[in-house]
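As a plain string of letters, each chain reads:
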Amino acid sequence: MEATPLASLSLTHVHYNPHDPISYLCAWLALAPQSLCVIYVTLIWSTREVEILLMFMGQMGCEALNFLLKRLIKEERPKQMYGKGYGMPSSHAQFVAYFSISLSLFLLIRHNPPTPPQSSPSSQPLPYSHRPLNLLQRSFLSVLTMALAASVALSRIYLNYHTPTQVSVGCVAGGACAIAWFGATEWARREGWVDVGLDSWAGRMGRWRDLVVEEDLAESGWNVWEERRKRRREQRQVNEVGRKKRR
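Residues numbered from 1 in each chain as written. Predicted model: local features only at pLDDT ≥ 70, side-chain atom pairs only at ≥ 80, totals over all residues. Heavy atoms only, no water.

## Brief notes about the packing of aromatic side chains
Heads up, the rule is: Pairing of aromatic side chains requires ring centres within 6.5 Å, counting the rings of Phe and Tyr and the six-membered ring of Trp. Pairs whose planes differ by under 30 degrees are stacked, by over 60 edge-to-face, and all others tilted. A run of H or I in DSSP counts as a helix once it spans at least four residues, and a run of E counts as a strand once it spans at least two, with each numbered from the N terminus. Summary of the burial criterion: residues with accessible area below 20% of their type's maximum are buried, those above 50% are exposed, and those between are partly exposed, where the area comes from a 1.4 Å probe applied to protein chains only. As a reminder, the over-ring test applies to NZ of lysine and CZ of arginine, requiring each to be within 6 Å of the ring centre and within 35 degrees of the ring normal.
All chains considered together, the criterion is met by three aromatic pairs. A centroid spacing of 6.3 Å and a plane angle of 85° characterise the contact between Tyr24 and Trp28, whose relative ring orientation is edge-to-face. Residue Tyr24 and its partner Trp28 are located together in helix α1 (residues 21-29), separated by four residues, close to a single helical turn. Residues Tyr40 and Phe56 carry aromatic rings whose centres are separated by 5.0 Å and whose planes lie at 50° to one another, so their mutual orientation is tilted. With Tyr40 in helix α2 (residues 32-47) and Phe56 in helix α3 (residues 50-73), this pair connects stretches of sequence that are 16 residues apart. There is no split in this pair, since Tyr40 and Phe56 are both buried. Members of the aromatic cluster, connected to one another through ring pairs, are Tyr40, Phe56 and Phe99. The residue whose ring lies beneath Arg71 is Phe67, and the NZ or CZ to ring-centre distance is 3.6 Å. The ring of Phe182 has Arg110 sitting right over it, with the charged end atom 4.2 Å from the ring centre.

## Structural notes on a nonpolar patch on the surface
What counts here: A residue counts toward a patch only above 30% relative accessible area and without a salt bridge, and it is joined to like-charged neighbours within 9 Å or, for Val, Leu, Ile, Met, Phe, Trp and Tyr, to nonpolar neighbours within 5 Å. What sets the accessible areas is the Shrake-Rupley method with a 1.4 Å probe; for residues, cover comes only from the shown protein chains. Salt bridges are defined as contacts in which a side-chain nitrogen from Lys or Arg sits within 4 Å of a carboxyl oxygen from Asp or Glu.
On the surface, Phe67, Leu68, Leu72 and Ile73 cluster together into a nonpolar patch covering about 430 Å² of accessible area. Structurally, Phe67 is set in helix α3.

## Focus on the nonpolar core
Which entries qualify depends on this criterion: Among buried residues, those of type Ala, Val, Leu, Ile, Met, Phe, Trp, Tyr and Cys that are joined through side-chain atoms within 4.5 Å constitute a nonpolar core. By the convention used here, residues are in contact when the closest approach between their heavy atoms is within 4.5 Å.
The biggest cluster of nonpolar side chains holds 12 residues, and these are Leu36, Tyr40, Ile44, Ile52, Met55, Phe56, Cys62, Phe95, Tyr98, Phe99, Cys177 and Ala178. Those elements that place two or more of their residues in this core are α2, α3, α4 (91-110) and α6 (164-190). In terms of residues, this core owes the most to one element, α3, which gives four residues. When neighbours within four sequence positions are excluded, Met55 is seen to be in contact with Tyr40, Tyr98, Phe99, Ser102, Leu103 and Trp181.

## Some details on the UniProt feature "transmembrane region" (unreviewed entry) in the protein chain
For clarity, the cut-off: UniProt positions are given in the numbering used here, feature names are shortened, and annotations may be inferred rather than shown by experiment.
Following the UniProt record, one finds the feature "transmembrane region" (unreviewed entry) at residues 22-45, 140-159 and 165-184. Secondary structure over residues 22-45 splits into 92% helix and 0% strand, and the C-alpha atoms at its two ends are 35 Å apart. Its end C-alpha atoms 29 Å apart, residues 140-159 is made of 95% helix and 0% strand.

## Structural notes on α3
Put simply, the rule reads: In this analysis, the expected span of each helix is defined as 1.5 Å times one less than the number of residues it contains.
Between its first and last C-alpha atoms α3 spans 34 Å; for 24 residues at 1.5 Å apiece the expected length is 34 Å, and the two agree. Looking at the buried residues of α3, the elements they touch are α2, α4, α6 and α7 (193-199). The first or second residue beyond α3 is Lys74, which carries a positive phi of 55°.

Okay, here's the thing in structure tokens:
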């Protein structure tokens, strides 16, 4: 009986030149979409932040659009590439373009962290971990995210998985999806639909919240921890006084 030939899972199977360090780095960059999906799911599950959920929904919509565009355009990949599937537009470029622009729009426009209180001369300065990211720091993160997206997009050309035109169209499509979805979610917030979803049965059961837009989550968590530590210290002091009295 003839054995069934094995197939390659093209989702993670990447061809690269083992003698070229840049090609090896590009092969790792090809795993960016899968890594970002893991980050998405982890953050959604751990924080229950509706803003992250909305961003992920837009990301999946962007992927669906890429699926349709490839089957409508039906442009082949470069001839040097041995993989399967159509190449126009590049799904990797579209994925990272959506992510980087969506994150930048959030950091620079939607995110409005509280201003830390001014400490008096007699009080101790706030630790760095207590200070929310200022506009300059958020701008730096946006540029860093854009640079990562550009690296992933260029790696697809370097590995001969896509032509420059296919990568460029993918970046434009991803950016357009990010801007359109940001506008749609901004409208939903302004009209109160996000609050309706949070107040619904599903929102309450899932414990969904919407803090990251106006609060610094690290600061909020730190305040809870500091309050707990304060109660513990007070309880230890009470216990110590009680032991001294019993003596």
